[in-house]
Every structure is written in structure tokens, then in C-alpha cells.
Amino acid sequence: MTDKMPDTNIKTEILIHDLKVPISVINAGARSLLERQDTYGPLTEKQIKVLKRIVRNTLATQRLVNDVLELGRSREGVHICSQFTVASLVVGVLVEVFDLADPGVADDIRKAQTYAQLQDVIEKAGVCLNFAQQTWEASVCLDAAKVRQILRNLVTNAFKHRAARVDIRGLIQENRLTLWVKDDGRGIPRSDQQRIFETYFTTGGSIEDAIQSHGLGLAGVMVLLRDMGGELVLDSDSGQGAEFKVVIPLL
Ligand SMILES: Nc1ncnc2c1ncn2[C@@H]1O[C@H](COP(=O)(O)OP(=O)(O)O)[C@@H](O)[C@H]1O
Ligand SMILES: [Mg+2]
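Residues numbered from 1 in each chain as written. Chains lettered and ligands numbered in written order. Predicted model: local features only at pLDDT ≥ 70, side-chain atom pairs only at ≥ 80, totals over all residues.

**Student:** Could you give an account of the overall build of the protein, with specific residues and numbers?
**Tutor:** In terms of helices and strands, the protein carries 11 helices and seven strands. Taken against the 2.2 N^0.38 rule, which gives 18 Å for 251 residues, the C-alpha radius of gyration of the protein at 20 Å falls within 12% of a compact globule. Its C-alpha atoms give the protein principal-axis dimensions of about 60 × 55 × 45 Å. Considering the protein as a whole, with its 251 residues, one finds that 25% of them fall into the buried category. Restricting the contact set of the protein to residue pairs at least 6 apart, pairs at least 24 apart contribute 63%. (Helix = DSSP H or I, 4+ residues; strand = E, 2+ residues; numbered from the N terminus. Rg over C-alpha atoms; globule rule 2.2 N^0.38 Å. Buried ≥ 20, exposed ≤ 12 C-beta atoms within 10 Å, placed from the backbone. Contact = placed C-beta atoms within 7 Å.)

Right, here's the structure in full:
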């Protein structure tokens, strides 16, 4: 072994990177069947439904691949900052989450023209948005992929664990962006509150829980936040729901 050998992390990342091509091929194939029926032949309603599900899931897989690569980039200290609005961040994450959970709502979110229309659409799906106009319209300069990954993980977890509601709140103050994601689910017992941020720790007791949950999302969130100089505060208890607050310094 020499010190020129790539470390295991890099090898894993190359493998993950190489998943991009087959996923794109599956995505392009399904889209061709959907969009070019004149060439490939007509489809039944049921076939269209299945193909749309394939397309949505290839997009979700692409996002997961990008998330893993983003963690690697973060570890290497690479930041790609750009200017984007808080609105575009939140809408983007909601579309990603609903694309898988309820594609009809995702389409309505895409069509919403104003904050009020958006609130209306997602209120029906059990999500409450609370952003002051100034924060909603503010343009921030941050690493968009990292911030999106953080918010998507928190919102996905809240969706998974909620009883009925998810609250998403945001505020820009003193040159910091603060985001709160809250659910009304079973909550996280105090004894687990440190451990949920460790890799491969999951709270559910059953084998099914262990298969469904990898305990990697929050560990990734912590890596990204640390690299951006941010912090996370968890407020929860058994049976009390959970509120995750992230504070990200603006550049
Ligand atoms: N909002 C929440 N309410 C209750 N438990 C949660 C919540 N968010 C995360 N957890 C628990 O923390 C553990 C770690 O979460 P996470 O790192 O996101 O795992 P995964 O990568 O499998 O999504 C999970 O097993 C989950 O049970
Ligand atoms: Mg998760």
C-alpha cells in the first residue's frame, strides 16, 4: 500500500457516481415511452401511471446519489455558493417531497403563483407554512445543494413521523437563516436525542424499521451544517412531536 492509493471513501463515491448513468438511461427510456407515443406506440392509462411512477422514482434516486456526492464534496471543503431566494428553496423541497408522497399535490405546488396560493394547496395536505414576506422573498448566498439537502431530510423525516401535521417556519435575522421543521408524531425520547445524529442509529425497534431506515439522513445533515458553520437544535420528547431548528449563517 502506498499513500497514493485512493481511500475507501473515494472508491465508494466513484461507484455511487457511476450509478448516475444507468439511472439516467432508465429515466430517459421511461420518458421516451411516455412522451413519444407516436414512435413507440400508444399507452393505456395504467401503463402511463406505472411509467410516471418509474420517472418519479428515478428522479428521487438521482437526488439520493447527488446527496451522497454532496457529502463527499463537503468533506473536501468544496462550497459552491449561489444566490437564490428562500421561496425557491422551500418550494423546491416541497415539490421533491410531494413528488413521491402525492404527485397531484406536487403538480399543484408547481402551479401556485403566490405564497397564499401555495399555502392553500399544502394546507390541504397537512403542511403549514409560516414565513414573513421579507424572509420568503429574500435572496441568500449559500451552497444551495447543501441547504436543500438539509431541509429535504428534515421535512422527509417530519412527513414520515407526523400524526397529521407538519409545520415549516423560516426567518432571516441578524444575517442568519433559521428554519424550523416540526411534526406532531411520536417524538424522540430524551435518551435517543444524541444518538439519532450518529450514523446507522435508528429509533424503531422492529426489523422492518431497521430495513426501512438507515440512520444516515441526520448524520449527513450534521456534516453539512458543520461545514457551513451552522447549528441544529432539537426540541422533542416521547409522544410530544419533534421540532428541528437549523441556523445557517449567511455569507
Ligand atoms: N421527526 C422525527 N420524529 C421521530 N423520530 C425521528 C424524526 N426524525 C428522525 N427520527 C428518528 O431518528 C432516526 C434517524 O433519522 P435519519 O438519520 O433521518 O434516518 P434515515 O436516514 O433512515 O432517514 C430514525 O430512525 C428516526 O426514527
Ligand atoms: Mg431520514
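Following the structure, the description resumes.
**Student:** Lay out the nonpolar core with the relevant residues and their values.
**Tutor:** Core analysis: the biggest nonpolar cluster contains 39 residues, and Ile109, Leu151, Leu154 and Val155 have the highest contact counts within it. Residue contributions to this core peak at seven residues, all from helix α5 (residues 86–101). With sequence-adjacent residues up to four places away left out, leucine 151 is seen in contact with Leu89, Val93 and Leu179. (Core = buried A, V, L, I, M, F, W, Y, C linked by C-beta atoms within 7 Å.)

**Student:** Please provide a residue-by-residue account of the sheet that holds strand β6 (residues 231–236), values included.
**Tutor:** Pairing is mixed in the open sheet, where five strands are placed in the order β2-β4-β5-β7-β6. What marks the edges here is a single partner per strand, and that holds for β2 (127–131) and β6. Taken pair by pair, the neighbouring strands of this sheet meet at an average axis angle of 15°, ignoring direction. In the sheet, β2 pairs with strand β4 (residues 166–173) via five bridges, with the strands oriented parallel. From the neighbouring strand, leucine 129 faces β4, where its bridge partner is isoleucine 168. (Pairing = 2+ DSSP bridges. Axes fitted to C-alpha atoms, helices over the stretch in contact; angles between N-to-C directions.)

**Student:** Report on the site of ligand 1, specifying residues and quantitative values.
**Tutor:** Of all residues adjacent to ligand 1, which total 20 residues, the nearest are Asn157, Thr202, Ser213, Gly217 and Leu218. The element best represented in the shell around ligand 1 is helix α9 (residues 144–161), accounting for four residues. Partitioned by chemical class, the residues of the shell around ligand 1 number seven nonpolar, 11 polar and two charged. (Near = placed C-beta within 6 Å. Nonpolar A, V, L, I, M, F, W, Y, C, P; charged D, E, K, R; others polar.)

**Student:** Kindly report on unusual backbone geometry, identifying the contributing residues and their values.
**Tutor:** Of note in the backbone geometry, glutamate 174 takes a positive phi value of approximately 50° without being a glycine. Looking at where glutamate 174 falls in the secondary structure, it is placed in the loop between β4 and β5 (176–183). Among the residues examined, glutamate 174 registers 9 C-beta atoms within 10 Å and is labelled exposed. Even without glycine at this site, asparagine 175 takes up a positive phi of about 60°. On the secondary structure map, asparagine 175 appears in the loop between β4 and β5. For asparagine 175, a count of 9 C-beta atoms within 10 Å gives the class exposed.

**Student:** Tell me what's going on with the packing of helix α4 (residues 45–75) against α5, and back it up with residues and numbers.
**Tutor:** In a packed pair of helices, the relevant descriptors are the angle between the two axes and the axis-to-axis distance. At their nearest, the axes of α4 and α5 sit 9 Å apart, and the two run at 135° to each other. Between α4 and α5, the angle falls in the class oblique. Every pair of crossing elements has a handedness; the one defined by α4 and α5 is left-handed. Where α4 abuts α5, its residues Arg56, Leu59, Ala60 and Arg63 lie against Glu96, Asp99 and Leu100. Here the contact of α4 with α5 is built from residues that sort into three nonpolar, no polar and four charged. (Parallel < 35°, antiparallel > 145°, perpendicular 65-115°, else oblique. Left-handed = near helix turned anticlockwise from the far one by under 90°.)

**Student:** Outline the environment of valine 65, listing residues and values.
**Tutor:** In this structure, valine 65 sits in helix α4. Take valine 65: there are 16 C-beta atoms within 10 Å of it, and that puts it in the partly exposed class. For the pair valine 65 and threonine 199, spaced 134 residues apart in sequence, the C-alpha separation works out to 17 Å.

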